[in-house]
Amino acid sequence: MIAEWIKQAAARRGDAPYLEDAAGAGTLTYAGLRRSTAAWADGLDRAGVPPGGRVAVRLPDPLSYATALVAILGAGRVVVPLDPGAPAAELSRVLAAARPQATVCDPGEPERSIRPNGPGGRAPADHPASPGGTGGIFLCTSGTTGAPKGILLREDQLGHVAAGVARHHRLTEADRGYCCLPLFHVNAEVVGLLATLAAGAGLVLDRKFSRRGFWELMEQQRITWINAVPAIIAVLAMSPAEVPPAGRVRFVRSASAPLAPSVLRRFEAAAGIPVIETYGMTEAASMITANPLEGPRKAGSAGLPAGPQVRVARLAAGRYVPCPARTVGRVQIRGRGVIREYAHNGPPGAIGPGGWLDTGDLGHLDQDGYLFLAGRSDDVINRGGEKIYPREIEDVLLAQPGVRSAAVIAAHDEVLGERPVAYVVPAEPWPRGLEDALREACEAALPRPKRPSAFCLVRELPLGPTGKVARHRLRELAAGAA
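Described below are features of the structure shown in this document. Please read these numbers as outputs of a predicted model, since none were measured by experiment.

Quick look at the packing of aromatic side chains
In this structure the tally under the stated criterion is six aromatic pairs. With 5.5 Å between their ring centres and 85° between their planes, Tyr 178 and Phe 214 make a pair best called edge-to-face. Of this pair, Tyr 178 sits in strand β9 (residues 176–179) while Phe 214 sits in helix α8 (residues 214–220), and the two are 36 residues apart along the sequence. Among the aromatic residues, those joined into a cluster by ring pairs are Tyr 178, Phe 209, Phe 214, Trp 215 and Phe 267. Positioned above the aromatic ring of Tyr 370, the side-chain terminus of Lys 298 is 4.6 Å from the ring centre.

Now the structure itself:
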């Protein structure tokens, strides 16, 4: 499928740019992508990596990384994307789970970039391959709550979801996307690289997001849509004076973490650009739900099912049954783009009867079928038997004008078991009396058990590569301070 997309795009749009470096360091045309795919296929054949074999990719710059990833996938191999900045221990865990036959860590031509992992300059023959010898992507979850889980996304899954993303966002050959998200995560790979390929469009890759000069860059690069995370949108919303009138940019796509309704409204008021909130996960090859481009967009909602079937369920008499509308339960999914099993170290019972995958997220569906997420099941705060969802407190905090970002976690309580504690990053300069203002806002909006017992003002929240708050690190801080 991916090889055919490359062939068709090269025939139709040969000299048109597929990928460009935001700093002007290079461009890959569709014709160049087809040549690169052929070169990688030849190089992998010579190295002894068969179709369906696994190839780890760890390259420093986005353009080289993206070119190798798509070309190796088009050559019918399984890509194992690695974080170029990961410590040795983390890389060892991922490599032990994936067992790649070769590694690519030098930019340049395949013949000098491929390093077989077996003796004698050849790839070992006993390593795993994808079913039927087709391409795919092997990813590991972040492992913040335990050992990383290995996930093999087959080529047909990737193509199915990428084509769905392109349709939902109405991407055409006239579009030019912007992506500064890490290429070793599923969002940038499927929503960025493969959906762009499916549409025959263009994508500008940036090494790192920077607020300074951001909108000028969007104008210079003729960007029509932006692939972002809530942390980026929040930073842009804090600087309304730097936002130009809406023009070429059709929408900003928000993914990887919940976006507070107050941040969405602040950004849209300043930029005049709609924000499309979405929800996805690696096990579904990215997108699960999305708000529509046209039609009702509900602030605070992850949108409508946009590929997989989605249900919210609860346990009753030993089996899961759907919850009524507006009742919080476990978010479960199934469909063509959803894995049927974990490739390595998957939790028992994650995929239940009927092929329903339990996402580990909690949420509810409203009367119109829009999904509202309440948080991860392991982030719920149990205060004397009352369940408290961090997001409902965070939304109150983020609505305050002096707050840039916030996260709420459970801290130990000797009497009630757990209590909510808020970590808040103030806007610059730090507003005076912010802690008192936050306490008053929570008293006005939340019942007593849900009010944070403490407000910790910090300069930054610990974030993962995709912009999600690393709550386990905040919990470690809270435990150390107790």
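The rest of the description comes next.
Let's talk about the environment of Arg 340
Within the secondary structure, Arg 340 is located in the loop between β18 (329–334) and β19 (357–365). On the basis of relative accessibility, which here comes to 55%, the residue Arg 340 falls in the exposed class. Between the alpha carbons of Arg 340 and Tyr 30 there is a distance of 33 Å; along the sequence they are 310 residues apart. Beyond its immediate stretch of four places on either side in the chain, Arg 340 contacts Arg 154 and Ile 351.

Topic: the layout of surface pockets
The space that makes up the second largest pocket amounts to roughly 260 Å³. Residue lining of the second largest pocket: 17 residues in total, with Ser 36, Trp 40, Ser 64, Thr 67 and Gly 108 positioned closest to the centre. Elements that contribute at least two residues to the lining of the second largest pocket include exactly β2 (27–29), α2 (30–47), α3 (62–74) and α5 (110–113). Per element, the largest residue contribution to the lining of the second largest pocket is four residues, and it comes from α3. Considering only residue class, the lining of the second largest pocket consists of nine nonpolar, six polar and two charged.

Comments concerning the environment of Lys 149
Residue position: Lys 149 is located in the loop between β7 (136–140) and β8 (150–154). When the C-alpha positions of Lys 149 and Pro 347 are compared, they lie 8.1 Å apart, and in sequence the two are 198 residues distant. Discounting chain neighbours no more than four positions away, the residues touching Lys 149 are Leu 139, Cys 140, Thr 141, Glu 283, Tyr 342, His 344, Asn 345, Gly 346 and Pro 347.

Focus on the pairing of β18
Inspection of the sheet shows strand β16 (residues 309–316) paired to β18 by five bridges, in the antiparallel sense. Across the sheet, Val 310 pairs through a bridge with Ile 333, a residue of β18. Relative to β19, β18 runs antiparallel, the two being bridged by four bridges. Looking at the pairing, Ile 333 lines up with Leu 357 of β19.

Reading the values: the criteria
- Residues numbered from 1 in each chain as written.
- Predicted model: local features only at pLDDT ≥ 70, side-chain atom pairs only at ≥ 80, totals over all residues.
- Heavy atoms only, no water.
- Phe/Tyr/Trp six-rings, centres within 6.5 Å; stacked < 30°, edge-to-face > 60°.
- Helix = DSSP H or I, 4+ residues; strand = E, 2+ residues; numbered from the N terminus.
- Lys NZ or Arg CZ within 6 Å of the ring centre and 35° of its normal.
- Buried < 20%, exposed > 50% of the residue type's maximum accessible area, 1.4 Å probe, protein only.
- Contact = heavy atoms within 4.5 Å.
- 1 Å grid on protein atoms, 1.4 Å probe; cavity = no way out; pocket = protein on both sides within 12 Å on 5 of 7 lines; lining within 4 Å.
- Points joined across faces, edges and corners; volume = space filled by probe spheres on them.
- Nonpolar A, V, L, I, M, F, W, Y, C, P; charged D, E, K, R; others polar.
- Pairing = 2+ DSSP bridges.

Such coordinate-based values are descriptive only and should not be taken to indicate function.
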